[in-house]
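Reading the structure
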Amino acid sequence: MATIEKYRINTLSKDLNVKSKDLVTLLSDHGLAVKSQMTVLEEPELSVIFEYVTQNNQVDLTAFFKFYDDKKAAIKAEEEKKRAEEESKTSAAEDSEGAKAPAPAKKEKGAAPVKKKDRTQVRVVDTRGTAESVDLSKYDEKLLKYDTNSDRDKNVQKIKKKPQQQRFDNKGKNSFNKDKKPAPKPQPVKLVISVPDEITVAELASRMKTAAPTVIKKLMTMGVMATLNQTVDFDTAFLLCDEMGITVNKEVVVTIEEKLFDESVDAPEVLEPRAPVVVVMGHVDHGKTSLLDAIRDTRVTAGEAGGITQHIGAYRVNKNGQDITFLDTPGHAAFTQMRERGANITDIAVLVVAADDGIMPQTVEAINHAKAAGVSIVVAINKMDKPEANPDNVKTALTQYELVPEEWGGDVICVPVSALKRQGIEELLEMILLTAEVMDLKANPNRAAKGVVIEAKLDKGRGAVATILVQNGTLHMGDIVIAGTSVGRVRSMLNDKGERIKVAGPSCPVEITGLSEVPNAGDIFNAVSDEKMARELVEQRKHDEKEAQFNRAAKANLEDLFSQIGNGVKELNIIVKADVQGSAEAVKASLVKLSNEEVKVSVIHTAVGGINANDVMLASASNAIIIGFNVRPDRQALLSADEKAVDIRTYRVIYECLEEVEKALKGMLAPTFKEVLLGHAEVRQTIHVPNVGTIAGSYVTDGKVSRHAQIRVVRDGVVIFEDKISSLKRFKDDAKEVAQSFECGIGLEKFNDIKIGDVLEAFVMEEVKR
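Residues numbered from 1 in each chain as written. Predicted model: local features only at pLDDT ≥ 70, side-chain atom pairs only at ≥ 80, totals over all residues. Heavy atoms only, no water.

As for the overall build of the chain
Our working rule: Helical segments are the DSSP runs of H or I of at least four residues, strand segments are the runs of E of at least two, and each set is numbered from the N terminus. Relative accessibility thresholds used throughout: buried, under 20% of the residue-type maximum; exposed, over 50%; partly exposed, between the two (1.4 Å probe, protein chains only). Should any heavy atoms of two residues lie within 4.5 Å, those residues are considered in contact. Exposure was quantified through the Shrake-Rupley algorithm and a 1.4 Å probe, taking into account, for residues, occlusion by the shown protein chains and nothing else.
Scanning the chain from terminus to terminus reveals 19 helices and 36 strands. For the chain, buried positions account for 41% of its 770 residues. In the chain, 67% of the contacts between residues at least 6 apart in sequence involve partners at least 24 apart. Surface summary for the chain: the accessible area is close to 45100 Å², and the carbon and sulfur share equals 49%.

Details of the sheet that holds strand 20 (residues 480-483)
Going by this rule: Strands are labelled as partners when DSSP assigns at least two bridges between them. Here an angle of 0 to 180 degrees is reported between the N-to-C directions of two axes, which are lines fitted to C-alpha atoms, with helices fitted over the stretch in contact.
Ordered by their spatial adjacency, six strands build a closed barrel running 17-18-23-21-20-24, and the pairing between neighbours is antiparallel. The sheet shows a mean angle of 45 degrees between the axes of neighbouring strands, direction not considered. By the bridge criterion, seven bridges tie strand 18 (residues 463-472) to strand 23 (residues 508-515) in an arrangement that is antiparallel. Of the residues in strand 23, the one forming a bridge with Ala466 is Ile512.

So, the pattern of salt bridges
This is how the line gets drawn: The term salt bridge refers to a side-chain nitrogen of Lys or Arg lying within 4 Å of a carboxyl oxygen of Asp or Glu.
Going through the model one piece at a time under the given rule, you end up with 25 salt bridges. One salt bridge in this structure joins Lys542 and Glu517, with 3.5 Å as the shortest N-O distance. On the criterion of sequence distance, the pair formed by Lys542 in helix 14 (residues 531-548) and Glu517 in the loop between strand 23 and strand 24 (524-528) is long-range, its members being 25 residues apart. Residue Glu517 is classed as partly exposed on the basis of its relative accessible area, which comes to 28%. A single network of salt bridges, built from pairs that share partners, joins Arg632, Glu675, Arg712, Glu722 and Glu761.

A look at helix 9 (residues 288-296)
Of all nine residues that make up helix 9, eight are buried, and the element is covered over most of its length. Listed as buried for helix 9 are Lys288, Thr289, Leu291, Leu292, Asp293, Ala294, Ile295 and Arg296.

Some words on the nonpolar core
One broad trend across soluble globular proteins is that nonpolar side chains are buried collectively. Put simply, the rule reads: Only buried residues count toward a nonpolar core, which is a set of Ala, Val, Leu, Ile, Met, Phe, Trp, Tyr and Cys residues joined through side-chain atoms within 4.5 Å.
The biggest cluster of nonpolar side chains holds 30 residues, and the ones touching the most others in it are Leu327, Leu351, Val379, Leu398 and Leu403. Secondary structure elements with two or more residues in this core: strand 10 (277-282), strand 13 (348-354), helix 11 (361-373), strand 14 (376-382), helix 12 (391-399) and strand 17 (450-459). Top element by residues in this core is helix 11. It accounts for five residues. For Leu398, the contacting residues outside a window of four places in its chain are Leu351, Ile359, Ile367, Val379, Leu403 and Cys414.

Describing the packing of aromatic side chains
Here the distance between the centres and the angle between the planes together describe a pair of aromatic rings. Put simply, the rule reads: Aromatic rings from Phe, Tyr and Trp, taking only the six-membered ring of Trp, are treated as a pair when their centres fall within 6.5 Å; an angle between ring planes under 30 degrees marks them as stacked, one over 60 as edge-to-face, and anything in between as tilted.
Counting across every chain of the model gives two aromatic pairs. Judged by centre distance (6.2 Å) and plane angle (35 degrees), the ring pair of Phe234 and Phe238 falls under tilted. Here Phe234 pairs with Phe238, and both are found in helix 7 (residues 234-243), just four residues apart, close to one helical turn. We classify Phe238 as partly exposed; its relative accessible area is 37%. For the ring pair Phe721 and Phe751, a centre distance of 5.1 Å and an interplane angle of 15 degrees mean the geometry is stacked. Taken as a pair, Phe721 in strand 32 (residues 718-730) and Phe751 in the loop between strand 35 (743-748) and strand 36 (759-767) lie far apart in primary sequence, 30 residues in all.

A look at the packing of helix 1 (residues 9-16) against helix 2 (residues 20-29)
The test is simple: By convention the crossing between two helices is left-handed if the near helix lies anticlockwise of the far one by an angle smaller than a right angle, and right-handed if it lies clockwise.
Remark: helix 1 packs on helix 2, axes separated minimally by 9 Å, with the N-to-C direction vectors making an angle of 115 degrees. Considering only the axes of helix 1 and helix 2, their crossing is right-handed. Contacts between helix 1 and helix 2 involve Ile9, Asn10, Leu12 and Ser13 on the former and, on the latter, Ser20, Leu23, Val24 and Leu27.

Re helix 12
This is how the line gets drawn: As used here, the arc belongs to the directions running from the helix axis to the C-beta atoms.
Residues of helix 12 that are buried: Val394, Lys395, Ala397 and Leu398. Down the axis of helix 12, the buried side of the element spans an arc of 160 degrees, and every buried residue falls inside it. On its buried face, helix 12 sits against strand 13, helix 11, strand 14 and strand 15 (413-416).

Examining the packing of helix 17 (residues 613-622) against helix 18 (residues 635-644)
The following threshold applies: An angle below 35 degrees is treated as roughly parallel, one above 145 as roughly antiparallel, one from 65 to 115 as roughly perpendicular, and anything else as oblique. Residues are grouped as follows: nonpolar covers Ala, Val, Leu, Ile, Met, Phe, Trp, Tyr, Cys and Pro; charged covers Asp, Glu, Lys and Arg; every other residue, Gly included, is treated as polar.
Helix 18 packs onto helix 17 with a crossing angle of 20 degrees between their chain directions and a minimal axis gap of 8 Å. On the basis of the axis angle, helix 17 is roughly parallel to helix 18. Here helix 17 runs over helix 18; the crossing is right-handed. Contacts from Ala613, Val616 and Ser620 in helix 17 reach Gln636, Ala637, Ser640, Ala641 and Lys644 in helix 18. Class assignment of the residues belonging to the contact of helix 17 with helix 18 gives a composition of four nonpolar, three polar and one charged.

A look at the sheet that holds strand 25 (residues 571-578)
Overall, parallel pairing links the four strands, which are arranged 26-25-27-28 in an open sheet. Each of the sheet's edge strands pairs with one partner strand only, and the pair in question is strand 26 (600-608) and strand 28 (648-651). Each neighbouring strand pair of the sheet contributes to a mean axis angle of 25 degrees, computed without reference to strand direction. Across six bridges, strand 25 lies against strand 27 (residues 624-629) in parallel orientation. Paired with Lys577 across the bridge in strand 27 is Gly628.

Overview of the pairing of strand 18
When you tally the buried positions in strand 18, you get eight out of ten residues, the bulk of the element. Of the pairings in the sheet, the one linking strand 17 to strand 18 comprises nine bridges and is antiparallel in character. Bridged to Val452 within strand 18 is Leu469. Hairpin connection of strand 17 to strand 18: three residues between the antiparallel strands.

The structure is reproduced here in structure tokens:
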């Protein structure tokens, strides 16, 4: 068979000495699709080019005619070869069929001759004039089409057997689906979403399947200006979705605590009486531990350093078949610290007062702490065995703090006892049980245990050890316990006598081991069933604690008091500290008179002396503010107040104090200046300089002392004088400021009565920008 190479546009343009671009344009003008200069030319394209160059006759056609003749000759030779092969195959097939077939039947007279024609082989001529022999046995007869418009013999157009596919008419529509009815359009489905109490605008837009800018525009039309990351409440989201035709359901968020802890209220019929929990409080060395020692008839005091309670203990005693749980705290500070963590663990407070000493400062603090906790108070007048004991003086002093004894027509039970002589102990226990009976204390022992961590420590041999008080339910050996950020399985339980037990019911103090870390005193503990979920909750609590350091809960303060009143605050708790008792009582009485219909002013504690860390702790637990009259907070109190966000206000004139509190209640408080504390300096030596005055040789204990600062002279926690610095020197050189841990000489303008041990408090007044 003759072969011929492909002839492309760029090759033909070189042979004809014309531009390839001109040939492409020529073929495009004649309706022939040419993609590029590398397109292979076929018969129609060559005919158009031949006609064009013949009419113009301006190019050398030698190479072109040579190619055209070669192609014609090759096509003709290929056709003849195929024809010969087909004829030889046809003749061979006829010979084989004639040899096998039976003799034909005789023709009847007059019958038309049968014309045999083999249609298995036909010649097919395409639109370009190329002839090809086709074997029809490979095709489906039903799919054959005949071209009746051809001048030659009928050309057969072949269609191979292919998978069923769609064929389209001239209009581009499916010819098979002409008679079918159009499918009905789907009806729009109303969108239903769930929204929690608060949701960000971005999350709301995502759930609404709406662009965020569209949601923001809708909110703006509703009068709500919110960005993508700001939150909107459920009501706003509901109104927005309702306007856009979206149904909103309230999303119920189930926390891990709700899944783990059973907080359901017990039915009255399943409740059983429980033992009362009693805390013993009072002044130092008034016999708290000795009284408890006499009650449980053990010698705890002898084993403690100096005879003073060093840790929190929990003990259980039995009286007439009824149990009483006692908590021996190292002072009321620990009691308030646990209450500050949200643990109201006690039912009754036993206030121990020495009959020979009477009411002391810590006794007053204990009274105020017990009142703030809202527990019943039973007074035990101890040391009645001493000759100088005077219980009537104690009862009289109690009335000053609104504690009126029963024999005087009040509701406070006073029991005279002697811990040393074991006198009056039985009467005290009976009064405790009587008070508990009136309170009708009950719990449900048939549920998972819940209670409070009383104390915790890290033991070298046993690991984390926690003393806990079961308040409700029953704790079993092997239970999974979660307390604050600690979780673990109870490996051992010891009661207050050191005996191993396996079950602890309501109001039962036990010591447990097996926790992952040491919990905090006052942490709530729960017995749970899913350890994996409990550990997940612990990790979440640790994460929340880190965030809480940056987002502290708002405490009561005068500047924001009016807005807090609008948010539901109905009571303003105040702690008053003054330099003398008379001033403290005057400030208290004046503050109480400022109460109005919207908010009540309540003075929860009044005492004499400087503001200390215990005052800050009580204020934090009671959400109170501290007002100091002619007194100052010490360094520890300032650090604690800053940490707990407690507002401390100090005044020297009572009218300024009353005026600020009154303005705060009316929402008119707008302080112009704010005091900024710079530091403290301790006077270690005084130097008298003629014609100058007294120079205080001082050591800067914290912060700094600046030349332009004002100085407040504090002696024993009481403000003596306020003055300005006249001179500040380091050795012989003047200094603008002296930093912490450096010594300096400080001279005041007006005050010269400086003594060794005085504290010079440096501060500046800065304008508050609003």
